[in-house]
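As a plain string of letters, each chain reads:
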Amino acid sequence: MKHLVQKQLAQSIATMQATLADLHVTDTIVTIAELTANAMQAGRKLLVAGNGGSAADAQHLVAEFVVRLTENRPALRAVALTTDTSILTAAGNDFSFDCIFARQVEALGQAGDVFLGISTSGNSKNILQAVQQAKEMNITTIGFTGNGGGQMRALCDHNVIIPSNVTMNVQECHLALEHIFCMAVERFYFGHEFGAARSSEVVLKR
């Protein structure tokens, strides 16, 4: 069992290192952070969706925007499309599980918003439909994926693709990058000096 622990930690670290070495990932995080900050400054918002562990990621990321990451500051506009059980079950029951996020994008989205779809495979049907709906509404689309990007790679305006096809390792990297994405949005929104003095500190509040 000790070997299992060390093997899995090593695998996680190797995936993180491969992601760190992929400069396209770094460039894309900076690009999407700036465009998201610009959208928020213009009165628009970030919409986020995913399934399973990625649904938890969507809610986690949105909490960081609405509440705080490391510094107290005004709330930032973000909505997780994974949380309203009445909408999710009504859309799934009355239409199809594939449309549970697209329906919400149609209802809540506005031109100029940003939609972030999280799918480790890049092939989740309900995320693909949400991306297509967003594009029809002139909403910028971002994909957080693994597995080479799947079908989302060709559909999304911007892609963050983790170089792995192991779901848990992709999710681990997604979470790290989601925190960094939020931090970068804060810097673009509030100024590059925002939080700089404490960005490496661990702030335990929860």
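Everything here concerns the structure above.
On a predicted model such as this, the values are computed, not experimentally measured, just so you know. (Residues numbered from 1 in each chain as written. Predicted model: local features only at pLDDT ≥ 70, side-chain atom pairs only at ≥ 80, totals over all residues. Heavy atoms only, no water.)

Asker: How do you make sense of the overall build of the protein chain when you look at a structure like this?
Answerer: Of the regular secondary structure elements, the protein chain holds eight helices and five strands. Tracing the protein chain from N to C terminus, the helices and strands come up as α-α-β-α-β-α-α-β-α-β-α-β-α. Relative to its length of 206 residues, the protein chain is compact, with a C-alpha radius of gyration of 17 Å against a globular reference of 17 Å. Each of the three principal axes of the protein chain carries a C-alpha extent, and together these read 50 × 40 × 30 Å. Within the protein chain, the proportion of its 206 residues that are buried is 45%. Contacts in the protein chain between residues far apart in sequence, at least 24 positions, make up 71% of those at least 6 positions apart. Carbon and sulfur atoms provide 55% of the accessible area of the protein chain, an area that totals close to 10,300 Å². Within the protein chain, one finds 15 positive and 18 negative side-chain charges whose respective centroids are separated by 4 Å. (Helix = DSSP H or I, 4+ residues; strand = E, 2+ residues; numbered from the N terminus. Rg over C-alpha atoms; globule rule 2.2 N^0.38 Å. Buried < 20%, exposed > 50% of the residue type's maximum accessible area, 1.4 Å probe, protein only. Contact = heavy atoms within 4.5 Å. Areas by Shrake-Rupley, 256 points an atom, 1.4 Å probe, with all protein chains shown as cover. Lys, Arg positive; Asp, Glu negative; His and termini not counted. Charge placed at Lys NZ, Arg CZ, Asp CG, Glu CD.)

Asker: I would appreciate a short explanation of the nonpolar core in the present structure.
Answerer: Across soluble globular proteins, nonpolar side chains have a tendency to be buried as a group. Grouped together as the largest cluster of nonpolar side chains are 31 residues, with contacts concentrated most on Leu46, Val48, Phe65, Leu116, Phe144, Phe181 and Val185. Of all the elements in the fold, those that place two or more residues in this core are helix H2 (23–41), strand E1 (46–50), helix H3 (53–66), strand E2 (78–80), strand E3 (114–118), strand E4 (140–145) and helix H8 (167–190). Excluding anything up to four places from it in sequence, Val48 contacts Ala58, Leu61, Val62, Val79, Ala80, Leu81, Leu116 and Ile118. Counting residues in each nonpolar core, the second largest holds 19 residues, with Ala49, Leu88, Met137 and Ile139 among its members. (Core = buried A, V, L, I, M, F, W, Y, C linked by side-chain atoms within 4.5 Å.)

Asker: Sorry if this is basic, but what is going on with the packing of H2 against H8 here?
Answerer: For any two helices packed against each other, the geometry comes down to the angle between their axes and how far apart the axes lie. Direction vectors running N to C along H2 and H8 enclose 50°, while the axes themselves pass 8 Å from each other. On the basis of the axis angle, H2 is oblique to H8. Between H2 and H8 lies a crossing of right-handed hand. Contacts from Val25, Ile29, Val30, Ile32, Ala33, Glu34, Thr36, Ala37, Met40 and Gln41 in H2 reach Leu177, Ile180, Phe181, Ala184, Val185, Phe188 and Tyr189 in H8. Residues that form the contact of H2 with H8 fall into these classes: 14 nonpolar, two polar and one charged. (Axes fitted to C-alpha atoms, helices over the stretch in contact; angles between N-to-C directions. Parallel < 35°, antiparallel > 145°, perpendicular 65-115°, else oblique. Left-handed = near helix turned anticlockwise from the far one by under 90°. Nonpolar A, V, L, I, M, F, W, Y, C, P; charged D, E, K, R; others polar.)

Asker: It is not clear to me how the environment of Thr141 should be interpreted in this structure. Could you clarify?
Answerer: Relative to the assigned elements, Thr141 resides in strand E4. In contact with Thr141, other than residues within four places in its own chain, are Phe115, Val131, Ala134, Lys135, Leu155, Cys156, Asp157 and His158.

Asker: It is not clear to me how the packing of aromatic side chains should be interpreted in this structure. Could you clarify?
Answerer: Describing an aromatic ring pair means giving the distance of the ring centres and the angle of the ring planes. In total, this model carries two aromatic pairs according to the counting rule given. Here the aromatic rings of Phe65 and Phe181 are separated by 5.7 Å at their centres, their planes lie at 70°, and the arrangement is edge-to-face. Here Phe65, found in helix H3, pairs with Phe181, found in helix H8; they are 116 residues apart in sequence, far enough to count as distant. Accessibility expressed as a relative area gives 0% for Phe65, which makes it buried. (Phe/Tyr/Trp six-rings, centres within 6.5 Å; stacked < 30°, edge-to-face > 60°.)

On their own, these measurements won't tell you what the molecule is for.
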